[in-house]
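# Topology and contacts: notes
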Amino acid sequence: MARRALVISGGAPNATLVGGALEAFAELGLEFDVVTMSGAGALLGLMYLAPRNGNPVTTLRGLTELGIADAIYEGFPVNYKVFNKPGALADVYRQMLAGNPLLQQVMAQPARDPLTQMAKDGLSLWLATVCPSSLTPASTGLCAHVPFADQIIDFAQIASVKPALYLNAYNLSQRQMENFDKTALNPLHLQAALSFPFLYPPTQIGSDLYIEGAALDCLNFKGLMENHPELEEIVVFDLLGAERLLRAPRDLYDAWVMSIITPLVEIARDDVKLFEQVHMPRYPKLKPLFKVPLVDDVPEKFLPDVFDWSRSNLERLYRMGYDTAHRYAQANL
């Protein structure tokens, strides 16, 4: 019988906060009977539970490698490592790069200092710039779907992990939220769970089209409690439900980012309030939510940078996530 659940919400740029928190949980030996995920939380949860290299800590620490060298990011604040150009030609181009052993050897070298990091990321920027693209006004998404998931997640092992797993995606064709469990999870299901509208095109599974579930339900409480009404404890990583994330934009690109984040903050806040005030009374065994204060513990001076993809910011957030979760777990879990 399931007793304790972990809820990992969406939120990609500050996902290293959760990465650090999950490392702390792994170090402390915390176990969960159920893990439910939405949006970017699906990628993080699977990295934690089914890493391809068998080591969740090194896999999660690898998230900081998605950061862009500070000197480059200051002049070009776009994460070209995560947001790839779409189209068949772009896919062939990336496959050619992946098949180049010399290039892969260079890119695999650890960047232990800012100069090496800038050199590597400068090369990555040049390779991303010359990549062909088929983006047109008729396209249904700006970017290609996340290309590296199967390199860091062992999908063959997901069905055998200990906790029950759920990740949500919204079925556009049937107009309903769906939860995929661990018995059926494959790369296409994860792709569906990450298909945020406009950024990525909808994902087709069978005859149906799916978009990211976190765009409508950031925390996936419904799927959790419908399947496990006997739960006693729920631990929440809620990155999006913090009002502190809201701020004035710094430029046009930042305004676009904030236009995505602002409604999600309110959706996540409402999801928590609704669950606590309306649904929790229906489950007498359930204790008050354990809310790991990941965003609340970010110092005020670093809040404006929370959504930045710079290397220094991702590393800083990872350390903060680890420290906060470690303290919280020792005091409460």
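See above for the structure.
A few points on the structure. Given the structure is predicted, the values throughout are model-derived calculations rather than measurements.

Below, the discussion takes up the overall build of the chain. If you tally the helices and strands in the chain, you get 12 helices and 8 strands. On C-alpha atoms alone, the chain measures out to a radius of gyration of 19 Å, which is about the 20 Å that the 2.2 N^0.38 rule sets for 333 residues. With the C-alpha coordinates aligned to their principal axes, the bounding extent of the chain is approximately 60 × 45 × 40 Å. Here the chain holds 333 residues, and the buried ones make up 52% of them. Here the analysis covers contacts within the chain between residues at least 6 apart in sequence; of these, 75% occur between residues at least 24 apart. As displayed, the chain has an accessible area near 15300 Å², and 58% of this comes from carbon and sulfur atoms. If you average the places of the 27 positive and of the 36 negative side-chain charges in the chain, the two averages end up 2 Å apart.

Here we come to the pattern of salt bridges. For the structure shown, the criterion picks out 19 salt bridges. Between Arg 3 and Glu 232 there is a salt bridge; the shortest N-O distance is 3.4 Å. With Arg 3 in the segment before strand E1 (4-8) and Glu 232 in the loop between helix H10 (221-227) and strand E7 (233-237), the pair connects residues that are 229 residues apart, well separated along the chain. We classify Arg 3 as partly exposed; its relative accessible area is 35%. Here Asp 297 and Arg 327 are joined by a salt bridge, their closest N and O atoms 3.2 Å apart. With Asp 297 in the loop between strand E8 (290-291) and helix H12 (311-332) and Arg 327 in helix H12, this residue pair connects regions lying 30 residues apart in the sequence.

What follows covers the packing of helix H1 (residues 15-28) against H12. Running from amino to carboxyl end, H1 crosses H12 at an angle of 40°, the nearest separation of the two axes being 6 Å. With respect to their mutual orientation, H1 and H12 come out oblique. Read as a crossing pair, H1 and H12 show a hand that is right-handed. Here Thr 16, Leu 17, Gly 19, Gly 20, Ala 21, Glu 23, Ala 24, Phe 25, Glu 27 and Leu 28 of H1 come into contact with H12, specifically with Leu 314, Leu 317, Tyr 318, Met 320, Gly 321, Tyr 322, Ala 325, His 326, Ala 329 and Gln 330.

If you look at the biggest cluster of nonpolar residues, it comprises 101 residues, and the most contacted ones within it are Phe 25, Leu 190, Ile 234 and Phe 237. Considering each element in turn, this core owes the most residues, 9 residues, to helix H11 (residues 252-279). Residues in contact with Phe 25, not counting those within four places in the same chain, are Leu 6, Leu 30, Phe 32, Tyr 48, Val 235, Phe 237, Val 292, Ala 325, Ala 329 and Leu 333. If you look at the next biggest cluster of nonpolar residues, it comprises 5 residues, including Ala 90, Tyr 93, Leu 127 and Cys 131.

Following the criterion strictly, the structure yields 8 aromatic pairs and no others. Ring plane angle 55° and centroid distance 5.7 Å describe the contact between Tyr 253 and Trp 256, whose orientation is recorded as tilted. Here the residue Tyr 253 and the residue Trp 256 both occupy positions in helix H11, the gap between them amounting to 3 residues, near one helical turn. In this structure Tyr 253 comes out as partly exposed when scored by relative accessible area, which is 26%.

Conventions and cut-offs
Residues numbered from 1 in each chain as written. Predicted model: local features only at pLDDT ≥ 70, side-chain atom pairs only at ≥ 80, totals over all residues. Heavy atoms only, no water. Helix = DSSP H or I, 4+ residues; strand = E, 2+ residues; numbered from the N terminus. Rg over C-alpha atoms; globule rule 2.2 N^0.38 Å. Buried < 20%, exposed > 50% of the residue type's maximum accessible area, 1.4 Å probe, protein only. Contact = heavy atoms within 4.5 Å. Areas by Shrake-Rupley, 256 points an atom, 1.4 Å probe, with all protein chains shown as cover. Lys, Arg positive; Asp, Glu negative; His and termini not counted. Charge placed at Lys NZ, Arg CZ, Asp CG, Glu CD. Salt bridge = Lys/Arg side-chain N within 4 Å of Asp/Glu carboxyl O. Axes fitted to C-alpha atoms, helices over the stretch in contact; angles between N-to-C directions. Parallel < 35°, antiparallel > 145°, perpendicular 65-115°, else oblique. Left-handed = near helix turned anticlockwise from the far one by under 90°. Core = buried A, V, L, I, M, F, W, Y, C linked by side-chain atoms within 4.5 Å. Phe/Tyr/Trp six-rings, centres within 6.5 Å; stacked < 30°, edge-to-face > 60°.

Everything listed here is a matter of geometry and, on its own, says nothing about what the molecule does.
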